[in-house]
Amino acid sequence: MTRMSFAEATRRALADEMRRDPLVWALGEDLVQGGIFGQYKGLAEEFGADRIVSTPISESTIMGAGLGAALCGTRPIVEMRIADFTLCAMDELVSQIAKVRYMFGGQGRAALVVRMPQGMWRNSAAQHSQCLEAWLTHIPGLVVAAPGTPADAAGLLKAAIRSDDPVVLMEPKNLWTSEGEVPEKVAPIPFGVARHAAAGDAATVVTWSATVPVAEQGALESGLACDVFDLRSLWPWDEAAVIASARRTRRLLVVHEAVTVSGFGAEVVARVVEALGPGGLAAVERLGAPRAPVPFSPPLEDSLRITPARVADAIRRLAAR
Amino acid sequence: MSGTSNETARRMAMLRDMARIRAFEREAVAAMREGKAPGVVHPSIGQEAVAVGVCANLRRADRITSTHRGHGHAIAKGADARAMMLELHGRAGGSCGGKGGSMHIADFAVGMLGANGVVGAGIPIACGAAQAIRLTKEDAIVACFFGDGAVNRGPFLEGMNWAALYRLPVLFVCEDNGFAAFTRNSAVTAGGGPAVRAEACGVPATGVDGEDALAVDAVAAELVARVRAGAGPQFLHAKCYRWEGHTGTDAAAYRPAEEAAAARQRDCIRRLAALLVAAGVSEGEIAALEAGAAAEMAGHRAAAMAAPWPDPGAAFTDVQDAGAPA
């Protein structure tokens, strides 16, 4: 194990994959300069300008060219810079990439990775802070992953590159510089397998992406032993682990940075209730953002932020019922 | 003398494909109007010379991207017309197993990377295909078909700049049939039009009479040669006319009937046939060629009507591997 940042863990994982498979390449803005979070640092020097391609600010074509390149046998990494900019390339992602295999009857596949760092980071305000993972879990054809630790980000990136499905990898912007233990040899992490971050009977806590360390810390601060799951991937997601845990604890808390309304937490709760029946849970809560854009000013932004204290409060509320 | 006979054979092959496209689309439109083909077909009748003149200069390994009005491109690239007819009837055995329909016909075996239901969406895809071809050192190019309506979409601007920037092996083919759906494109397009816009991004543009198959063939030959030689992307602006409405059931009441009638007088098939007759091909050979095309497509339509529907379970296959529908 080596301690390293999110950015460094994914940089190394991408380099491993590019050494392993000459068909892997990356395209996006400023990649030759290392990407805005340093996650591509040094790769242009090793792999050349044909495989680490700095592009114009042309999101539709970054995404659409990724598809064309995948249909011709290569395995592109499509870098969106930040998730919000994906909105300029939604046709290419949703109506082209996600559907090409299906609507052409399996003749071609969009074996590519779309990296879209998301969420609040350094007071970036309303157009650079969104968490829109629920939009993409709604789209048949896409795999959606949202890692919360450097090791998982690296392992999921490797899995995404080797997958024949189009995989959306939503890295938490706020955690790029945060550090964690990463194995010397990172193995691909299968989609749909949660990381069981903590064990306990007081409540089942489900989270992903930037709120992973927040929820883990909150569970500690609650003083109650909780079953904490970092889903890591949202489609497919580890329904079996969550349902089994909720069946035992009868208390379910879902924590995410995204707006609560129609967030992926709603899907998690709905599936648990479907599985356990309406009387299967004693208490359930979703902890997410209010249905408001992300503001700029630090105290305003903080008013939306999920904190360990808020997670701990929610756990105690659930446990009291 | 053999040069002349080779030339005649090439032109006869082009005429055959043009006649096949027209016969295919006549059957497709009839099937749609009779309710036998579900959904919508967008006929390219009258525009056959563009598809055939360009694809006559492509090889099997070359790729094309196409549009919602794409039957002609597919047939000209060598796609299986029977499978296409089954596809637009929604039947098992169709090009896409009945999951795509007319607007999503693809035939990867011949490099046809797909029609597209979104205007201009093939442009970024063609750019990426060309990048992959370069990365894998494949000996192939990409021809990217789109209509005049596409020049008002953002991906057109992005794609022209992108292809020029990376000097990609792409031939852009703007089939300018004058109409963006129900609206005359000149009524919604400012400035100098498709060629001027392409040139503004550094993609050299050449205009051609898209109703003259030999002119398209000659210009496409030159542009394809440049693309193959590594000169970077080229742009072909082919003026033509959409004989039918936007779809098989659109009567196109928004334009004067005499305008469409005049276009029918310029019929690209009759023009090429007349040249072949002047070169010594008999009227009987031409008639036999056209009758053969009509019989082929009528046979495909009968086959489509006789073909089974897809297994309902096929609705849930080929979605994705991880997290596939239960």
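Residues numbered from 1 in each chain as written. Chains lettered and ligands numbered in written order. Predicted model: local features only at pLDDT ≥ 70, side-chain atom pairs only at ≥ 80, totals over all residues.

### Some points on unusual backbone geometry
All names here are of chain A.
- For the bond running from Trp235 to Pro236, omega is -5°, close enough to zero to count as cis.
- Relative to the helices and strands, Pro236 is located in the loop between β12 (233–235) and α9 (239–249).
- Positive phi, normally seen in glycine, also occurs at Arg122, with a value near 50°.
- Secondary-structure assignment places Arg122 in the loop between β5 (113–115) and α6 (133–137).
- Looking at Arg122, the number of C-beta atoms within 10 Å reads 11, which means it is exposed.
- Positive phi, normally seen in glycine, also occurs at Ala125, with a value near 70°.
- Mapped onto the elements of the fold, Ala125 is located in the loop between β5 and α6. (Helix = DSSP H or I, 4+ residues; strand = E, 2+ residues; numbered from the N terminus. Buried ≥ 20, exposed ≤ 12 C-beta atoms within 10 Å, placed from the backbone.)

### A closer look at the packing of helix α3 (residues 59–71) of chain A against helix α4 (residues 90–97) of chain A
Residues and elements named next belong to chain A.
- Relative to each other, α3 and α4 sit at 25°, their axes nearing to 8 Å. On the basis of the axis angle, α3 is roughly parallel to α4. The segment α3 lies against α4, with Ser60, Met63, Gly64 and Leu67 engaging Glu92, Leu93, Gln96 and Ile97.
- Of the residues belonging to the contact of α3 with α4, the class tally is four nonpolar, three polar and one charged. (Axes fitted to C-alpha atoms, helices over the stretch in contact; angles between N-to-C directions. Parallel < 35°, antiparallel > 145°, perpendicular 65-115°, else oblique. Contact = placed C-beta atoms within 7 Å. Nonpolar A, V, L, I, M, F, W, Y, C, P; charged D, E, K, R; others polar.)

### Some thoughts on the environment of Ser102(B)
Residues and elements named next belong to chain B.
- On the secondary structure map, Ser102 appears in the loop between α4 (81–88) and α5 (122–135).
- The spacing of Ser102 and Gly39 is 63 residues in sequence and 8.2 Å in space, taken between C-alpha atoms.
- Not counting residues within four places of it along the chain, the set of residues in contact with Ser102 comprises Gly39, Val40, Val41 and Leu88.

### A word on the domain arrangement of chain A
- Along its sequence, chain A is organised into domain 1 (2–182) and domain 2 (195–319).
- Across the contact, 25 residues belong to domain 1 of chain A and 24 residues belong to domain 2 of chain A. (Domains from an automatic or database assignment.)

### Considerations on the sheet that holds strand β6 (residues 205–209) of chain B
Residue and element names in this part refer to chain B.
- What the five strands build is an open sheet, ordered β1-β2-β3-β7-β6; its pairing is parallel. Only two strands of the sheet have a single neighbouring strand rather than two, namely β1 (63–65) and β6. Between one strand and the next, the sheet's axes are offset by a mean angle of 20°, whatever the strand orientation.
- Relative to strand β2 (residues 142–147), β1 runs parallel, the two being bridged by three bridges. Across the sheet, Arg63 pairs through a bridge with Val142, a residue of β2. (Pairing = 2+ DSSP bridges.)

### Regarding the packing of α5(B) against helix α6 (residues 154–165) of chain B
Residue and element names in this part refer to chain B.
- Packing of α5 against α6 brings their axes to within 8 Å, and their N-to-C directions diverge by 20°. With respect to their mutual orientation, α5 and α6 come out roughly parallel. Here the hand of the crossing between α5 and α6 comes out left-handed. Contacts from Ile123, Pro124 and Cys127 in α5 reach Pro155, Phe156, Glu158, Gly159, Trp162 and Ala163 in α6.
- Considered class by class, the residues forming the contact of α5 with α6 number seven nonpolar, one polar and one charged. (Left-handed = near helix turned anticlockwise from the far one by under 90°.)

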